[in-house]
Protein chains: 2
Amino acid sequence: MDNRTGIYEYRTDSYLLDFRGQLPLPTLGNYLLHAATVHAGGFGFGFDDMAERKAAWVVSKLAIELTSPGRLTEPLRILTWVQQVERIFTFRCFEITALHGGETLGYARSVWAAIDRETRRPVSLDGLGLADFVTERACPVAFTSPEPAEKDTQGIPYTVKYSDLDVNGHLNSIKYIEAILDLFDIETYRTRSVVRFEIAYQAEGRYGMQLLLHKKQTAENEYTAAICNEGKSISRAKIKFSS
Amino acid sequence: MDNRTGIYEYRTDSYLLDFRGQLPLPTLGNYLLHAATVHAGGFGFGFDDMAERKAAWVVSKLAIELTSPGRLTEPLRILTWVQQVERIFTFRCFEITALHGGETLGYARSVWAAIDRETRRPVSLDGLGLADFVTERACPVAFTSPEPAEKDTQGIPYTVKYSDLDVNGHLNSIKYIEAILDLFDIETYRTRSVVRFEIAYQAEGRYGMQLLLHKKQTAENEYTAAICNEGKSISRAKIKFSS
């Protein structure tokens with residue numbers, strides 16, 4: 001293992017699990033954010049380091065692929081590394097493994113931008129020295145472009161509340177995932193598991209926003225979803241269930 | 001420190017914080033549940049031990065008092081101990097301290113019952129040997145009886161969704177807290193902090209239940225809340241804000 005890959009352990013205590021006894025995808029998402037946070041902080045480009053530059057990291061895309069979703073009942077070890085750095089975006093990958101045994105249970109890929117805290121616009125990553133931390137490791141997850149879901153579908157209303165807000169005062173990136181997963185009924189989760197979840201964050205959700213949540217089936221066990229505000233999507237997602 | 005008190009450390013990473021940069025009360029509640037889980041497991045009466053007896057712990061009441069809510073920005077150390085054991089109920093207390101410095105930031109008191117997984121009825125705690133773990137430590141939090149909030153108030157509809165369910169398939173005890181806190185608008189949180197939160201769990205919320213959330217002001221900065229299903233409360237709470 002090279003020393004630029006971060007390795008962190010996560011619990012799957014019963015009080016954290018869903019009704020199937022599995023770690024919910026939003027909680028796994030929080031674990032990925034935690035791994036990213038600790039890893040970046042350890043190399044000097046974490047939240048506090050960015051705050052000194054009046055910037056903040058925001059996640060722009062996230063795709064998670066699970067080969068063994070049924071094993072999200074066990075304690076996990078998550079590996080994370082910087083896979084690529086561009087001027088505006090940096091790509092971070094994750095490998096999700098079983099803490100005992102070490103088998104790979106899935107992978108994830110994410111895209112991050114640093115935005116100016118005042119203007120909310122991306123800042124250049126050039127001066128951060130991120131390129132020194134790029135690691136060559138396989139991460140067999142690719143981004144696609146989720147198709148629009150809002151045409152010809154009825155949206156479910158969702159109002160952004162206090163508990164939905166993150167430290168920047170915007171809809172928490174994990175809450176987008178939770179709201180989209182809640183578009184599927186319990187029968188879906190009783191019989192199937194999410195094997196792939198991809199989300200693109202397009203705009204920031206704000207307190208009191210009256211959102212509409214849309215979903216549309218695109219193939220057997222495959223769906224596209226959109227979170228819309230005043231007719232424009234602020235997030236698109238693609239969900240694939242096990243057959 | 002006696003060896004029957006559990007001591008655990010918790011993070012307050014930025015991605016966990018609310019728009020004020022403070023740890024949200026539901027997340028603090030999750031930390032308390034985590035401390036309780038690890039502590040009970042270490043003494044042989046944890047989730048898995050109860051599962052072998054075809055039983056599960058359920059929290060019946062929880063009261064949290066914060067003397068320094070503004071310091072829920074720092075890493076925490078939570079102490080927990082068994083304060084009393086009765087035939088059906090056991091009382092567990094918590095002290096919430098700053099990890100660096102060690103100052104007490106608040107206390108919490110909880111009541112737990114073990115229920116049979118099939119009948120959902122409480123089972124006797126007599127054979128568990130819990131009394132051996134009782135510890136004498138001060139916990140200056142007392143339970144009160146939250147007054148009904150549903151009379152003469154308009155309820156806000158809330159439907160129990162997939163992400164609200166715990167491992168037993170019921171409305172997650174932390175989600176009750178989140179739903180009640182979301183009854184207050186952002187202006188409340190901008191200017192005040194919760195200094196006391198007490199909740200009594202009366203009945204289990206189930207998937208698809210159409211709940212009504214009520215809140216009623218009882219004094220300056222004090223409120224009572226109720227979660228109702230078909231006209232009957234399944235939970236009552238009392239919330240006090242800083243002035």
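Above this text sits the structure in question.
Residues numbered from 1 in each chain as written. Chains lettered and ligands numbered in written order. Predicted model: local features only at pLDDT ≥ 70, side-chain atom pairs only at ≥ 80, totals over all residues. Heavy atoms only, no water.

## A few points about the environment of Arg-71 of chain A
Residues and elements named next belong to chain A. Mapped onto the elements, Arg-71 comes out in the loop between strand 2 (55-66) and strand 3 (76-85). When the C-alpha atoms of Arg-71 and Gly-46 are compared, they prove to be 31 Å apart, with 25 residues separating the residues in sequence. Excluding its chain neighbours within four sequence positions, the residues that come into contact with Arg-71 are Ala-98, His-100, Glu-103 and Leu-105. Separated by 2.6 Å, the side chains of Arg-71 and Glu-74 make a polar contact. (Helix = DSSP H or I, 4+ residues; strand = E, 2+ residues; numbered from the N terminus. Contact = heavy atoms within 4.5 Å. Polar contact = N/O pair within 3.5 Å; in protein donor to acceptor, adjacent residues only side chain to side chain.)

## Here we look at the environment of Thr-188 of chain A
All names here are of chain A. As for its placement among the helices and strands, Thr-188 is situated in helix 4 (residues 186-191). You can call Thr-188 buried: its relative accessible area is 9%. Through-space distance from the C-alpha of Thr-188 to that of Glu-65 is 18 Å; in sequence the pair is 123 residues apart. (Buried < 20%, exposed > 50% of the residue type's maximum accessible area, 1.4 Å probe, protein only.)

## Considerations on the environment of Lys-216 of chain B
All names here are of chain B. Turning to its location among the elements, Lys-216 is positioned in strand 8 (residues 210-219). Once the C-alpha coordinates of Lys-216 and Glu-147 are considered, the two residues, 69 residues apart in sequence, prove to be 9.3 Å apart. In this structure Lys-216 touches Pro-148, Ala-149, Lys-151, Thr-153, Glu-222, Tyr-223 and Thr-224, once residues within four positions along its chain are discounted. Among the polar contacts listed, one links the side chain of Lys-216 to the backbone oxygen of Lys-151, at a separation of 3.4 Å.

## Considering the interface of chain B and chain A
Interfaces are often sized by the amount of accessible area the parts lose when they come together. Listed per partner, the contact involves 33 residues of chain B and 33 residues of chain A. Of the roughly 2,900 Å² buried between chain B and chain A on both sides combined, carbon and sulfur atoms contribute 61%. Our count for the chain B to chain A interface comes out at 2 salt bridges. For Lys-175 of chain A, the salt bridge identified is with Glu-178 of chain B, shortest N-O distance 2.9 Å. Here chain B and chain A share 16 residue pairs in polar contact (both at pLDDT 80 or more) between them. Contributions of two or more residues to the side of chain B that touches chain A are made by helix 1 (25-42), helix 3 (173-181) and helix 4 (186-191) of chain B. Per-element tally for the side of chain B that touches chain A: the top contributor is helix 1 of chain B, with 5 residues. Residue composition of the side of chain B that touches chain A, grouped by class: 15 nonpolar, 8 polar and 10 charged. (Buried area = accessible area lost by both parts, 1.4 Å probe. Salt bridge = Lys/Arg side-chain N within 4 Å of Asp/Glu carboxyl O. Nonpolar A, V, L, I, M, F, W, Y, C, P; charged D, E, K, R; others polar.)

## Looking at the relation of the copies chain B and chain A
It takes a turn of 180 degrees to lay chain B on chain A, together with a shift of 0.0 Å along the axis; the resulting RMSD is 0.0 Å. Accordingly, the operation relating the two chain copies is best matched by a two-fold axis. No C-alpha of chain B approaches the rotation axis more nearly than that of Tyr-158 of chain B, which lies at 5.6 Å. A shared interface surface links the copies, since 100% of the contact residues of chain B are contact residues in chain A too. (Least-squares fit on C-alpha atoms with pLDDT ≥ 70 in both.)

## Focus: the nonpolar core
The biggest cluster of nonpolar side chains holds 134 residues, and the ones touching the most others in it are Leu-28, Phe-197 and Ile-239 of chain A together with Leu-28, Phe-197 and Ile-239 of chain B. Dropping the residues within four chain positions of it, Leu-28 of chain A is found in contact with Leu-23, Ile-64, Leu-66, Leu-72, Leu-76, Ile-78 and Ile-96 of chain A. (Core = buried A, V, L, I, M, F, W, Y, C linked by side-chain atoms within 4.5 Å.)

## Focus: helix 1 (residues 25-42) of chain A
Residue and element names in this part refer to chain A. When the terminal C-alpha atoms of helix 1 are compared, their 26 Å separation across 18 residues agrees well with the 26 Å that a helix rising 1.5 Å per residue should span. Of all 18 residues in helix 1, 13 are buried; the element is thus mostly enclosed. Just downstream of helix 1, Gly-44 is the residue with a positive phi angle, here 85 degrees. (Expected span 1.5 Å × (residues − 1).)

## So, the side chain of Asn-221 of chain A
With respect to the helices and strands, Asn-221 of chain A occurs in the loop between strand 8 (210-219) and strand 9 (222-229). What Asn-221 of chain A contacts, discounting residues up to four positions off in sequence, is Arg-192, Ile-239, Lys-240, Phe-241, Ser-242 and Ser-243 of chain A.

## Describing the sheet that holds strand 1 (residues 6-10) of chain A
All names here are of chain A. Spatially, the 10 strands line up as an open sheet ordered 1-3-4-5-2-7-10-9-8-6, and their pairing is antiparallel. Unpaired on one side and paired on the other, strand 1 and strand 6 (156-159) mark the two borders of the sheet. Going from strand to strand, the sheet's axes swing by 25 degrees on average, the running direction of each strand aside. Strand direction decides the pairing type here: strand 2 and strand 7 (residues 194-201), joined by 5 bridges, are antiparallel. Looking at strand 7, one finds that Leu-62 is bridged to Ile-199. Most of the contacts of helix 1 go to strand 3, to which it runs at about 60 degrees, and overall it touches strand 1, strand 2, strand 3, strand 4 (89-98), strand 5 (104-116) and strand 7. (Pairing = 2+ DSSP bridges. Axes fitted to C-alpha atoms, helices over the stretch in contact; angles between N-to-C directions.)

## Concerning the sheet that holds strand 3 (residues 76-85) of chain B
Residues and elements named next belong to chain B. The strand order across the open sheet built from 10 strands is 1-3-4-5-2-7-10-9-8-6, with neighbouring strands paired in antiparallel fashion. Strand pairing shows two members of the sheet lacking a second neighbour, strand 1 (6-10) and strand 6 (156-159), which therefore form its edges. Recorded for the sheet is a direction-independent mean angle of 25 degrees between the axes of neighbouring strands. Of the pairings in the sheet, the one linking strand 9 (residues 222-229) to strand 10 (residues 232-241) comprises 8 bridges and is antiparallel in character. Among the inter-strand pairings, Thr-224 is bridged to a residue of strand 10, identified as Lys-238. Where helix 1 meets the sheet, its contacts fall on strand 1, strand 2 (55-66), strand 3, strand 4 (89-98), strand 5 (104-116) and strand 7 (194-201), and the angle it forms with strand 3 comes to roughly 60 degrees. Where helix 3 meets the sheet, its contacts fall on strand 2, strand 6, strand 7, strand 8, strand 9 and strand 10, and the angle it forms with strand 7 comes to roughly 130 degrees.

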